[in-house]
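Analysis of the macromolecular model
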Amino acid sequence: MESHESGLERIIQEYVPGKQLSLAHIVASPTQDLYDKLGLKDCHDAIGIITITPSEAAIIAGDQALKSGAVEVGFVDRFSGSVFITGNVSDIHASLEAVIDFFRKQLDFTVTEITKS
């Protein structure tokens, strides 16, 4: 915090990425249009979305998602930290639980709860 002679203070905020899994969401019964817009080839019952920092950890999240259930990885972006998985709702839920558990216990990340729409 800086003070100026005029009595005004200026606060400088910086973004420091931490170890955080900030979104784990299930989109149940998505429309074909959503699949098309996301560039996902095969339609399934649901889409799982994960957002994570640091963004390179998206690679680990995708790997854990594949190893934890009958899901497919539709998209992994190591620059934005986004991962999309597809499958049926129960498999995606189980996969997201496994990813969250791994990141919390093995990598000491701050994690979020699974949400669904």
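Now for a quick tour of the structure. (Residues numbered from 1 in each chain as written. Predicted model: local features only at pLDDT ≥ 70, side-chain atom pairs only at ≥ 80, totals over all residues. Heavy atoms only, no water.)

**What to know about the pattern of salt bridges**
Convention followed: Salt bridge, as applied in this entry: a Lys or Arg side-chain nitrogen positioned within 4 Å of an Asp or Glu carboxyl oxygen. The helix count covers DSSP runs of H or I at least four residues long, the strand count covers runs of E at least two residues long, and both are numbered beginning at the N terminus. Only protein chains enter the accessibility calculation, which uses a 1.4 Å probe. A residue is then buried if its area is under 20% of the maximum for its type, exposed if over 50%, and partly exposed in between.
Counted according to the given criterion, the structure contains three salt bridges. Residue Arg104 is joined to Asp101 by a salt bridge in which the shortest nitrogen-to-oxygen separation is 3.9 Å. With a gap of three residues between them, Arg104 and Asp101 both fall in helix H3 (residues 89-105), about one helical turn apart. According to the relative accessible area criterion, Arg104 is partly exposed, its value standing at 40%. With relative accessibility at 28%, the residue Asp101 sits in the partly exposed group. Lys105 is the salt-bridge partner of Asp101, the closest N and O atoms lying 3.2 Å from each other. One end of the pair, Asp101, and the other, Lys105, are both in helix H3, four residues apart, so they sit about a helical turn from each other. A network of salt bridges, in which partner residues are shared, links Asp101, Arg104 and Lys105.

**Here we look at the packing of helix H2 (residues 57-68) against H3**
Selection rule: Orientation is described by lines fitted to C-alpha atoms, with helices fitted over the stretch in contact, and by angles between N-to-C directions that extend from 0 to 180 degrees. For this classification, under 35 degrees means roughly parallel, over 145 means roughly antiparallel, 65 to 115 means roughly perpendicular, and everything else is oblique. In this scheme the handedness of a crossing depends on how the near helix is turned from the far one: anticlockwise by less than a right angle means left-handed, clockwise means right-handed. Any two residues whose heavy atoms approach within 4.5 Å at even a single point are treated as in contact. Note that Gly is not counted as nonpolar here; it falls among the polar residues with everything else outside the nonpolar set of Ala, Val, Leu, Ile, Met, Phe, Trp, Tyr, Cys and Pro and the charged set of Asp, Glu, Lys and Arg.
Contact geometry for H2 and H3: axes closest at 8 Å, N-to-C directions at 130°. Taken together, H2 and H3 sit at an angle that is classed as oblique. Read as a crossing pair, H2 and H3 show a hand that is right-handed. Residues Ala57, Ile60, Ala61, Gln64, Ala65 and Ser68 of H2 lie in contact with H3, whose contacting residues are Ser95, Ala98, Val99, Phe102 and Phe103. Residue composition of the contact of H2 with H3, grouped by class: eight nonpolar, three polar and no charged.

**Side note on H3**
For clarity, the cut-off: Working rule for helices: expected span equals 1.5 Å times residues minus one. In this description, the arc belongs to the directions extending from the helix axis to the C-beta atoms.
Given a rise of 1.5 Å per residue, 17 residues ought to cover 24 Å, and the 24 Å separating the end C-alpha atoms of H3 matches this to within 8%. Here H3 has its buried residues at Ile92, Ser95, Leu96, Val99, Ile100 and Phe103. In an axial view of H3, the angular spread of the buried residues amounts to 135°, which keeps them on one side of the axis. Seen from the open side of H3, the exposed residues pointing more than 90 degrees away from its buried face are Ser90 and Lys105. The inward-facing, buried residues of H3 abut strand S3 (20-28), strand S4 (46-53), H2, strand S6 (82-87) and strand S7 (110-111).

**Observations regarding the packing of aromatic side chains**
Note the threshold: Two rings belonging to Phe, Tyr or Trp (six-membered ring only in the last case) form a pair when the distance between their centres is within 6.5 Å. Interplanar angles under 30 degrees mark stacking, angles over 60 mark edge-to-face geometry, and anything in between is tilted.
A complete count under the given rule lists three aromatic pairs for this structure. On the basis of an interplanar angle of 40° and a centroid distance of 5.3 Å, the ring pair of Phe75 and Phe84 is categorised as tilted. Where Phe103 meets Phe109, the ring centres are 4.9 Å apart and the plane angle is 75°; that geometry is what we call edge-to-face. Of the two residues, Phe103 and Phe109, both sit in the buried class.

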